[in-house]
Amino acid sequence: MATRTISNTGGNWGDTSTWAEGAVPTSSDDVVATSSSGNLVVNVNGACNSFNMTNYTGTLSGTGYIRLSIAASTTKVFKLVAGMTVTWTGELQVQGLSFTAGTCQLTSAGKTINSIEVNPLINNTLITMELQDNLTVTNDITHINGTFKTNNYNITCRSMAFGKFTGKSMTLTLGTSTINLSGSTSPVEATNYVLDCYFNNLPISTLSSTTATINLSGQGAGCHFANKTFGGTINYTGGGTNGYYGGGTSGNINYTGTASPANYFEIDAATTVGTGKTWNINGNASNRVTLRSVSTRKAITATGTLSLTNQNISNIDITKTSGTLAVTGGTITNSTASGGATFNAIDAIDGGGNSGWNFLSTTLSMSTYSDMGISEYGGLEVVSGGDITRIRVIRFR
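Quick caveat: nothing in here was measured; it's all calculated off a predicted structure.

Draft legend 1. Quick look at the side chain of threonine 150. One can find threonine 150 in the loop between strand E18 (146–149) and strand E19 (155–157). A polar contact is formed between the side chain of threonine 150 and the side chain of serine 177, at a distance of 2.7 Å. Dropping the residues within four chain positions of it, threonine 150 is found in contact with Leu131, Ile155, Thr173, Leu174, Gly175 and Ser177.

Draft legend 2. Broad picture of the environment of cysteine 104. The topology assignment puts cysteine 104 in strand E12 (residues 102–107). By relative accessible area, which is 0% here, cysteine 104 ends up buried. Sequence separation between cysteine 104 and threonine 74 is 30 residues, and the spatial gap between their C-alpha atoms is 8.6 Å. Filtering out sequence-adjacent residues up to four positions away, cysteine 104 remains in contact with Leu68, Ile70, Lys76, Phe78, Val94, Thr128, Met129 and Glu130.

Draft legend 3. Here's a closer look at the packing of aromatic side chains. Counted according to the given criterion, the structure contains 14 aromatic pairs. Taking 6.5 Å as the distance between ring centres and 45° as the angle between the ring planes, the aromatic pair formed by tyrosine 236 and tyrosine 255 counts as tilted. With a gap of 19 residues between them, tyrosine 236 in strand E27 (residues 233–236) and tyrosine 255 in strand E30 (residues 252–256) connect regions that are remote in the sequence. Comparing tyrosine 236 with tyrosine 255 shows no difference in burial state: the two are buried. For the pair tyrosine 236 and phenylalanine 265, a centre-to-centre distance of 5.1 Å together with 90° between the ring planes defines the contact as edge-to-face. Linking tyrosine 236 in strand E27 with phenylalanine 265 in strand E31 (residues 263–267), this pair joins segments that are 29 residues apart in sequence. For the pair tyrosine 236 and phenylalanine 265, one class covers both residues: buried. Three or more aromatic residues link up through ring pairs in this structure, and these residues are Phe225, Phe230, Tyr236, Tyr244, Tyr255, Phe265 and Trp279. The ring centre of tyrosine 264 lies 3.8 Å from the NZ or CZ of arginine 292, which sits over that ring.

Draft legend 4. Region of interest: the pattern of salt bridges. Overall, the coordinates contain six salt bridges when judged by the stated rule. Among the salt bridges present, the one from arginine 158 reaches aspartate 140, with a minimum N-O distance of 2.6 Å. Note that arginine 158 is positioned in the loop between E19 and strand E20 (159–163) and aspartate 140 in strand E17 (residues 140–144), a separation of 18 residues in sequence. Note that glutamate 266 and arginine 292 form a salt bridge whose closest N and O atoms lie 3.1 Å from each other. On the criterion of sequence distance, the pair formed by glutamate 266 in strand E31 and arginine 292 in strand E34 (residues 289–293) is long-range, its members being 26 residues apart. Its relative accessible area of 9% is what places glutamate 266 among the buried residues.

Draft legend 5. Spotlight on the sheet that holds strand E33 (residues 278–282). Sheet architecture is open: nine strands sit in the order E13-E16-E19-E22-E25-E27-E30-E33-E36, paired in parallel fashion. At either margin of the open sheet sits one strand with a lone partner, and together these are strand E13 (112–113) and strand E36 (305–309).

Draft legend 6. Representation of the confidence of the model for the chain within the structure. Per-residue confidence for the chain gives a mean pLDDT of 90; residues scoring 70 or more make up 90%. Contacts of residues 366–397 to residues separated by more than four positions or lying in other chains number 41 contacts, the stretch itself having pLDDT below 50.

Draft legend 7. Region of the structure containing unusual backbone geometry. Of note, the bond from serine 260 into proline 261 is cis; its omega dihedral lies within 30 degrees of zero at -5°. Tracing the backbone shows proline 261 in the loop between E30 and E31. Non-glycine residue serine 73 carries a positive phi angle of around 55°. Within the fold, serine 73 resides in the loop between strand E8 (66–70) and strand E9 (75–79).

Criteria and cut-off values
Residues numbered from 1 in each chain as written. Predicted model: local features only at pLDDT ≥ 70, side-chain atom pairs only at ≥ 80, totals over all residues. Heavy atoms only, no water. Helix = DSSP H or I, 4+ residues; strand = E, 2+ residues; numbered from the N terminus. Polar contact = N/O pair within 3.5 Å; in protein donor to acceptor, adjacent residues only side chain to side chain. Contact = heavy atoms within 4.5 Å. Buried < 20%, exposed > 50% of the residue type's maximum accessible area, 1.4 Å probe, protein only. Phe/Tyr/Trp six-rings, centres within 6.5 Å; stacked < 30°, edge-to-face > 60°. Lys NZ or Arg CZ within 6 Å of the ring centre and 35° of its normal. Salt bridge = Lys/Arg side-chain N within 4 Å of Asp/Glu carboxyl O. Pairing = 2+ DSSP bridges. pLDDT = per-residue confidence, 0-100.

Encoded structure:
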């Protein structure tokens, strides 16, 4: 193991003249800089053991990847600093050298990294990635095997994917972080899982998040939590076909539909709205959202609150033990409502295949008025907060 220092003249990563020691870094070397180091161009795929730019004021550029190779039970850094300039568009790769976990501490200092891949060789090594400040990535973050800790710092990127091999582990710890994801599909998989805890059908072991906030702005974006409990909040604002996939117990979900295209919010497995949590599924006034299952009927257990506005319901069974769930308008098809609560579908269309719903209307015909002994000089007043359980006859004299 040796130190490789960017020389005062700088240059291409692959040239010996770029390095003060006269040798190109290898996977066992630590790359450093001084305040007088020149610009560094990553013109080839670079290897090193750590990358520490403390005191650097030059420019990091180029398109090659920089791969850190971390030995067992060691902690290494990839550290950028505020005084440097970063136009580098390569990928940061972090690879383990043994089956025992090593740690990479990542400091971006407000600079944007193009993409990050942990364990790119897809082997059985374990790597812990720990953020040291807020992170912005142009494209994607992928991590197989090990632990990804946000340390409560915020992340902005296109998508994130996590998974593990059989017999290995993957822990995702989001803490109180805010995660902003702009993608509509995952470029690493043919899915719309822009936050994916089931990468390549490799589910993570542990998800730790009680208060994290995930903002999905891409049209048709979804999250897959691999049947784990997510206790934070997800905000969907891109419209289109969004979803909460993988089942398990969810936190708060806020879905805001758009005027176009068609709005869908879907699940692909039995899902529980967590205790004290709320799903607000809101369609657009001119473009209803359809709450649906991906294929066969799936169940939502509303341990928390389920609030539906400007919606249709298709192939979704809903269980709620108490209180009232009221939906207004739209079409309900193939839905069983059960559990002890009251389920009112107000001015909604019964599309068939339903049970447990009370289909109620706020509009009465003149023949109904006559049957009730009400003349054209009379009227009706709904008096129970919109829940049509009490109707008062009003007569005008």
